[in-house]
Amino acid sequence: MKYNIPADVPKNKEETYKKNLKSATNATNHLMLFAGDQKVEHLNNDFYGKDIPLEDNSPEHLFKIASRAKIGVFATQFGLISRYGRDYKNVPYLVKLNAKTNLVPYEKQDPYSKAWLSVGEVVSFAKESKLDIKGVGYTLYLGGAYEHEMLTQAASIVHEAHKNGLLAVLWIYPKGKFVKDEHDGHLIAGAAGVGAALGADFVKLKVPYDKKGKFDPKLLREATMAAGRTGVLCEGGAKIDEKEFLTQLYEQIHKGGSRGNGTGRNIHQRPLQEAVKMANAIYAITSQNATVKEALKLLR
């Protein structure tokens, strides 16, 4: 694996950075991010209701999946890692530094999500807890009155992460009353370019849709090129048919040029054993270069 080490990673942290990147991507530079940050972002809508197994209502369901499945990193809030981490020490963690609820509509108020704690506090926690923390994550909303504050904070977070040999993943979503179509390919490419300008290792983006509301790998190609050396991760979205999801994931990587995915609901909204199999299938395509046919066999 060829390492492109950012220049803000100090010499004495280069090996730590390379170790984290190699381990998280299975030495492929493709990241399978298991997203478990929706407890705040979507409140309980993703964890309790019709067609959702009751076990998903417990936060521990996420940790059970992450500890049994093949994943790159499990991204969730610091507090959850603090509460459950000692029982799940084998999990590769990515600490999500900020989050906001969806109670206030974006068209009513511009979104603002400030970091809950600093990278330094995460580094201290990693040393004390001995947990496998590979990086940090931060969500940035473009297009609103608080854009500058979030850009400034994101830049600082990426830099501080690199100074400590950690990976930095940015969720970048244009939101607000001036954003007419969140799935517009050209707009998503703009967000990808912002991720590159901020120096992120990976940027998690919306999936670009054509005028019929369908995923088009050609539209994604604009974003992956605009991201440069920053890897593009496509969001997983709402739960859909397994074959359809895995086929889209394969096309995102092999036709659209993405370098992974950030998937939550399509994994955790299943009973434990099914969730583990789905995570393994996603990992196979993302970080083991498997075909859709090979990945589907893992669901049996």
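Values in this document were obtained by computation on a predicted structure and should not be read as measured data. (Residues numbered from 1 in each chain as written. Predicted model: local features only at pLDDT ≥ 70, side-chain atom pairs only at ≥ 80, totals over all residues. Heavy atoms only, no water.)

Draft legend 1. Expanded view of the overall build of the protein. A count of helical and extended segments in the protein gives 12 helices and eight strands. The C-alpha radius of gyration of the protein comes to 18 Å, within 12% of the 19 Å expected for a compact globule of 300 residues. Reported as C-alpha extents along the three principal axes, the dimensions of the protein are approximately 45 × 45 × 40 Å. The burial tally for the protein puts 52% of its 300 residues in the buried class. In the protein, which carries 43 positive and 33 negative side-chain charges, the distance between the mean positions of the two groups comes to 5 Å. (Helix = DSSP H or I, 4+ residues; strand = E, 2+ residues; numbered from the N terminus. Rg over C-alpha atoms; globule rule 2.2 N^0.38 Å. Buried < 20%, exposed > 50% of the residue type's maximum accessible area, 1.4 Å probe, protein only. Lys, Arg positive; Asp, Glu negative; His and termini not counted. Charge placed at Lys NZ, Arg CZ, Asp CG, Glu CD.)

Draft legend 2. Up close: the nonpolar core. In terms of nonpolar packing, the biggest core is built from 87 residues, with L33, F34, F74, Y93, L97, L205 and L246 touching the most fellow members. Here this core gets nine residues from one element, more than from any other, and that element is helix α11 (residues 272–287). Once residues lying within four places of it in the same chain are set aside, the contact partners of F34 are L62, I65, A66, I71, V73, F74, A75, T263, G264, I267 and H268. (Core = buried A, V, L, I, M, F, W, Y, C linked by side-chain atoms within 4.5 Å. Contact = heavy atoms within 4.5 Å.)

Draft legend 3. Highlighting the side chain of T230. Following the sequence through the fold, T230 ends up in the loop between α8 (217–226) and β7 (231–235). In contact with T230, other than residues within four places in its own chain, are G195, A196, A200, D201, F202, V203 and R259.

Draft legend 4. Spatial organisation of the packing of helix α9 (residues 242–254) against α11. With their axes 10 Å apart at the nearest point, α9 and α11 run at an angle of 20 degrees to one another. Put simply, α9 runs roughly parallel to α11. Taken as a pair, α9 and α11 cross one another with a handedness that is right-handed. For the pair formed by α9 and α11, the contact residues are E242, F245, L246, L249, Y250 and I253 on the first element and M278, A281, I282, I285 and T286 on the second. (Axes fitted to C-alpha atoms, helices over the stretch in contact; angles between N-to-C directions. Parallel < 35°, antiparallel > 145°, perpendicular 65-115°, else oblique. Left-handed = near helix turned anticlockwise from the far one by under 90°.)

Draft legend 5. Here's a closer look at the pairing of strand β5 (residues 167–174). Buried residues dominate β5, accounting for eight of its eight residues. Of the two faces of β5, the one holding L167, V169, W171 and Y173 and the one holding A168, L170, I172 and P174 are both buried throughout. Pairing of strand β4 (residues 133–142) with β5, which is carried by eight bridges, proceeds in the parallel orientation. Within β5, the residue paired with G135 across the bridge is L167. Here three bridges tie β5 to strand β6 (residues 202–205), and the two strands are oriented parallel to one another. Pairing of V169 across the sheet is with F202, part of β6. (Pairing = 2+ DSSP bridges.)

Draft legend 6. How the structure looks around the sheet that holds strand β2 (residues 73–77). Strand order in the closed barrel formed by eight strands is β1-β2-β3-β4-β5-β6-β7-β8, and the pairing between neighbours is parallel. With direction set aside, neighbouring strand axes in the sheet form an average angle of 25 degrees. Note that strand β1 (residues 31–35) and β2 share three bridges and pair parallel. Counterpart to L33 in the pairing with β2 is V73. Running over the sheet, helix α6 (residues 147–163) touches β4 and β5 and is turned about 165 degrees from β4.

Draft legend 7. Region of the structure containing the pattern of salt bridges. Going through the model one piece at a time under the given rule, you end up with 13 salt bridges. One salt bridge connects K11 with E14, and the closest N-O pair in it is separated by 3.8 Å. With a closest N to O distance of 3.9 Å, D46 and R265 form a salt bridge. A residue pair is termed long-range when its members are at least 10 positions apart, and D46 in the loop between α2 (38–41) and α3 (60–68) and R265 in helix α10 (residues 265–268) qualify at 219 residues. Each of the two residues, D46 as well as R265, counts as buried. The structure contains a network of salt bridges with shared partners spanning K175, E182, K206 and E235. (Salt bridge = Lys/Arg side-chain N within 4 Å of Asp/Glu carboxyl O.)

Draft legend 8. View of the side chain of Q38. Among the secondary structure elements, Q38 is positioned in helix α2. Looking at Q38, the relative accessible area reads 7%, which means it is buried. A polar contact of 3.4 Å, which involves the side chain of Q38, links it to the backbone oxygen of A35. Apart from residues lying up to four places away in sequence, Q38 is in contact with L43, D46, F47, G264, R265 and H268. (Polar contact = N/O pair within 3.5 Å; in protein donor to acceptor, adjacent residues only side chain to side chain.)

Draft legend 9. Here's a closer look at α11. When the terminal C-alpha atoms of α11 are compared, their 22 Å separation across 16 residues agrees well with the 22 Å that a helix rising 1.5 Å per residue should span. Within α11, the full set of buried residues consists of L272, A275, V276, M278, A279, A281, I282, Y283, A284, I285, T286 and S287. (Expected span 1.5 Å × (residues − 1).)

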